[in-house]
Amino acid sequence: MKLFKFAQSRSLWMMHFCTGCGAVELPPTMTSRFDMERFGIIPMATPRQSDLLLITGYLTVKTLKRVVRAYEQMPTPRYVIGFGSCTINGGMYWDSYNVIKKLELYIPVDLYINGCMPRPEAIIDAFLKLREMIDKGEANAWKKYIENYEWYKKNQAEVFDVEKWSLKK
Amino acid sequence: MSILYFFLYLLLVTIIGLLYMGAARKITAHIQNRYGPPVYQPILDVLKLFAKKDTASHGIMHSLGPVIAYTGIAATLLFLPLGNHTPLLHFNGDLFVVLYLLVVGPLGMALGAGESANSNATIGIARALSMMLGYEIIFFMATLPVFYHYGTASIYRVIQAQGAFPDWAAILFPISFIAGLFALQGLMGEKPFELVVAPHEIASGPMVEYGGKYLGLLQIWHAVGIIVETGLFVDIFFGPQSILWFFAGTFIVFFATVIVNAVMPRFRIEQAVRFYWGLPLLLSILGILQVYIWR
Ligand code: SF4
């Protein structure tokens, strides 16, 4: 059991859902300069293969639908990291009509990186923090999603409601 | 008794294959001026995949596909001698059995990935089967002179018929050896023939819908495949070796493919098949001519 825990924290396959500006900080994190592969973290091609979902920035309602779908396809245990202030409170899009403000209301988030935009050092730091959390058994956000499934679905349905978001109102 | 022996053998080969995969990642990282993950990283990856709590399946065949692939490659081990060590089964003609068993892996993947009905998986499978038209022919034609020269179609006897250093088939048939190296690159699915998996293009092809335990099984399938493919090559061309030298030989061959992999871009499918039907085909024909003139 301990061995499996160790393996889970040392091998994280991530899918970076590059929505916002955050996407631009990931290539340097992956390649020679910061080299995140030394921590066993590599990008994967599909949600079915990955353990870690990176939401790199603001999410429009349209993208949120895809994110929820990708998140639900990932096998458990799965982890989510939210990048930048946009995922925490809307950031500079706080008054936009089609951007969600709090990612936490729609999918459970294990860890946020604040900043607009977080530097690769901060991203690597977050990965190490996540590894520590998995070691201690604290990265349990995916359980929240299963337990409070109705609540999350209700929140999602609220924003997916086309009537409410239409400009006519 | 021999069943127990076989499972130990399988376990050993799986672990060594995973370490080879780790070494490949480390070597690639160093070529790209990075540190890279620890050598045992693929073992951790596999453990993690097997520790997944739930895994989506798209039906019976989808679940059975990786099992068929792994069983096929494990059955190949029955016939594969590790250097001068006797395999569990050997008879005249086992080469053909091995060549057929090597196809079971891609076929298992094809059956499994087909059921997922993902278009990326279908493209990957189509590419895998078309690629075989390229490298299988070359691989067979490159090894043909060796088997013809020693008058047997048993891998074990071909090894025993070769002697120590200067009597290696690689030295007797250098042209076929080079053609075989070309074929090996495609057989292992390394760049420039990586188009079956092609993560940036068709999202890892046949594996696109696999996750969790199935993906773990596919990883160890790949690991055993590395040892079987390089091992077959070393057995046929480098004659009888002690077990340590055998693994050293497979590692050297693997190292060569990894280095080519690290610096090459990827072919398109028609370019890959056309490439195989050019120079490597010519070389393998010259190799056959050589043994024909010689006799
Ligand atoms: S937090 Fe800043 S950098 Fe990130 S998506 Fe929002 S605006 Fe862009």
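Everything here concerns the structure above.
For every chain, the first residue of the written sequence is number 1, and numbering continues from 1 along that sequence. All chains are assigned letters beginning at A, and all ligands numbers beginning at 1, according to the order in which they are written. A pLDDT threshold of at least 70 governs which residues receive local features in this predicted model, and a stricter bar of 80 or more applies before side-chain atom pairs are shown or counted, although totals over entire chains, interfaces and linings include all residues. Each side-chain value is worked out from all heavy atoms of the structure, with water and hydrogens disregarded.

> How should I be thinking about the site of the ligand in this particular structure?
Whether a residue is near a molecule or strand depends on its heavy atoms: if one lies within 4 Å, it is near. Within the structure, the ligand sits among C21, G57, Y58, G84, S85, C86, M92, Y93, C116 and M117 of chain A. Only Asp, Glu, Lys and Arg are considered charged, only Ala, Val, Leu, Ile, Met, Phe, Trp, Tyr, Cys and Pro nonpolar, and every remaining residue, Gly among them, polar. Here the shell around the ligand is built from residues that sort into seven nonpolar, three polar and no charged.

> Looking at this model, I keep getting lost on the pairing of strand β4 (residues 79-83) of chain A. Mind explaining?
Residues and elements named next belong to chain A. Within β4, five of the five residues are buried, which leaves the element mostly enclosed by the surrounding structure. The criterion for strand pairing is that DSSP finds at least two bridges linking the strands in question. A run of H or I in DSSP counts as a helix once it spans at least four residues, and a run of E counts as a strand once it spans at least two, with each numbered from the N terminus. For strand β3 (residues 52-55) and β4, the ladder comprises four bridges, and the chain directions are parallel. Bridge assignment links L52 to a residue of β4, and that residue is Y79. The path from the first strand over the helix to the second decides the hand: if it runs clockwise while the strands point away from the viewer, the crossover is right-handed. This β-α-β element, β4 to helix α4 (residues 84-89) to strand β5 (residues 111-113), shows right-handed connectivity. The buried label goes to any residue with under 20% of its type's maximum accessible area, the exposed label to any with over 50%, and the partly exposed label to all in between, with areas taken from a 1.4 Å probe on protein chains only.

> Looking at this model, I keep getting lost on helix α1 (residues 2-10) of chain A. Mind explaining?
What sets the pattern is the α-helix's 3.6 residues per turn: residues three or four places apart point alike. The complete set of buried residues in α1 of chain A reads A7, Q8 and S9 of chain A. Working rule for contacts: check all heavy atoms of both residues, and any pair within 4.5 Å makes them a contact. Elements in contact with the buried residues of α1 of chain A: β1 (12-17) and α5 (120-136) of chain A together with α2 (41-50) of chain B.

> Just to check I follow, could you spell out unusual backbone geometry for this structure?
With the exception of glycine, the majority of residues adopt a negative phi angle, and the majority of peptide bonds are in the trans configuration. Cis peptide bonds are those with omega within 30 degrees of zero, and the linkage from T76 of chain A to P77 of chain A qualifies with -10°. For P77 of chain A, the position within the fold is in the loop between α3 (61-73) and β4. Look at the link from K191 of chain B to P192 of chain B: it is a cis peptide, with omega at 5°. Among the secondary structure elements, P192 of chain B is positioned in the loop between α8 (174-187) and α9 (199-202). Unlike most non-glycine residues, D35 of chain A shows phi in positive territory, near 45°. Tracing the backbone shows D35 of chain A in the loop between α2 (26-30) and β2 (41-43). Not every positive phi belongs to a glycine, and N33 of chain B is a case in point at roughly 65°. Within the element layout of this structure, N33 of chain B appears in the loop between α1 (2-31) and α2. Judged by relative accessible area, which is 65%, N33 of chain B ranks as exposed.

> Before we go on, may I ask you to explain the sheet that holds β2 of chain A in this structure?
All names here are of chain A. In space, the five strands of this open sheet follow the order β2-β1-β3-β4-β5, with parallel pairing throughout. Each end of this open sheet is capped by a strand with a single partner; those strands are β2 and β5. Put simply, the sheet's adjacent strands are angled 25° from each other on average, direction ignored. Sheet topology places β1 next to β2; three bridges connect them, and they run parallel. Among the inter-strand pairings, L12 is bridged to a residue of β2, identified as I41. Note on definitions: angles span 0 to 180 degrees between N-to-C directions of axes, and those axes are lines fitted to C-alpha atoms, for helices only across the stretch in contact.

> When you look at the interface of chain A and chain B in this model, what are you seeing that I'm missing?
By a frequent convention, interface size equals the accessible area lost on bringing the separate parts together. With 26 residues of chain A at the interface, the matching set in chain B holds 31 residues. Approximately 2400 Å² of surface area, both sides summed, lies buried where chain A meets chain B, with 56% of it carried by carbon and sulfur atoms. Once two parts are joined, some of their accessible surface, as seen by a 1.4 Å probe, is lost; buried area is that loss totalled over both. The largest share of the area that chain A buries against chain B comes from W13, E37 and R48 of chain A, three residues that together contribute 25% of it. Salt bridge criterion: a side-chain nitrogen from Lys or Arg within 4 Å of a carboxyl oxygen from Asp or Glu. At the boundary of chain A with chain B, the tally comes to six salt bridges. Between E37 of chain A and R34 of chain B there is a salt bridge whose closest N-O contact spans 2.6 Å. In protein, a polar contact requires one atom able to donate a hydrogen and another able to accept it; more generally it is a pair of N or O atoms within 3.5 Å, and residues adjacent in sequence count only if both atoms are side-chain atoms. Our count for the chain A to chain B interface comes out at 16 residue pairs in polar contact (both at pLDDT 80 or more). The element best represented in the side of chain A that touches chain B is α1 of chain A, accounting for six residues. Of the residues in the side of chain A that touches chain B, the class split is 11 nonpolar, nine polar and six charged.

> When you look at a positive patch on the surface in this model, what are you seeing that I'm missing?
Every patch collects residues that have over 30% relative accessible area and no salt bridge, joining them within 9 Å if they carry like charges and within 5 Å if they are nonpolar side chains (Val, Leu, Ile, Met, Phe, Trp, Tyr). Surface accessibility follows the Shrake-Rupley procedure with a 1.4 Å probe radius. Residue values consider only the protein chains on display as shielding. None of His or the chain ends enter the tally, which takes Lys and Arg as positive and Asp and Glu as negative. Throughout, a charge is located at the NZ atom of Lys, the CZ atom of Arg, the CG atom of Asp or the CD atom of Glu. Together, K62, K65, R66 and R69 of chain A line one region of the surface with positive charge. For K65 of chain A, the position within the fold is in helix α3.

> Help me out: how do you make sense of the packing of α8 of chain B against helix α13 (residues 279-294) of chain B in this one?
Relative placement of two packed helices is described by the angle separating their axes and the distance separating the axes. Residue and element names in this part refer to chain B. At a minimum axis distance of 8 Å, the contact between α8 and α13 shows a crossing angle of 150°. Put simply, α8 runs roughly antiparallel to α13. When the axes of α8 and α13 are compared, the crossing they make is left-handed. In this structure, α8 uses P174, I175, S176, I178, A179 and F182 to contact α13, whose residues at the interface are L279, P280, L283, S284, L286, G287 and Q290. Within the contact of α8 with α13, the residues separate by chemical class into nine nonpolar, four polar and no charged. An angle counts as roughly parallel when it lies under 35 degrees, as roughly antiparallel when it exceeds 145, as roughly perpendicular when it falls between 65 and 115, and as oblique in every other case. In this scheme the crossing of two helices becomes right-handed for a clockwise turn of the near helix relative to the far one and left-handed for an anticlockwise turn of less than a right angle.

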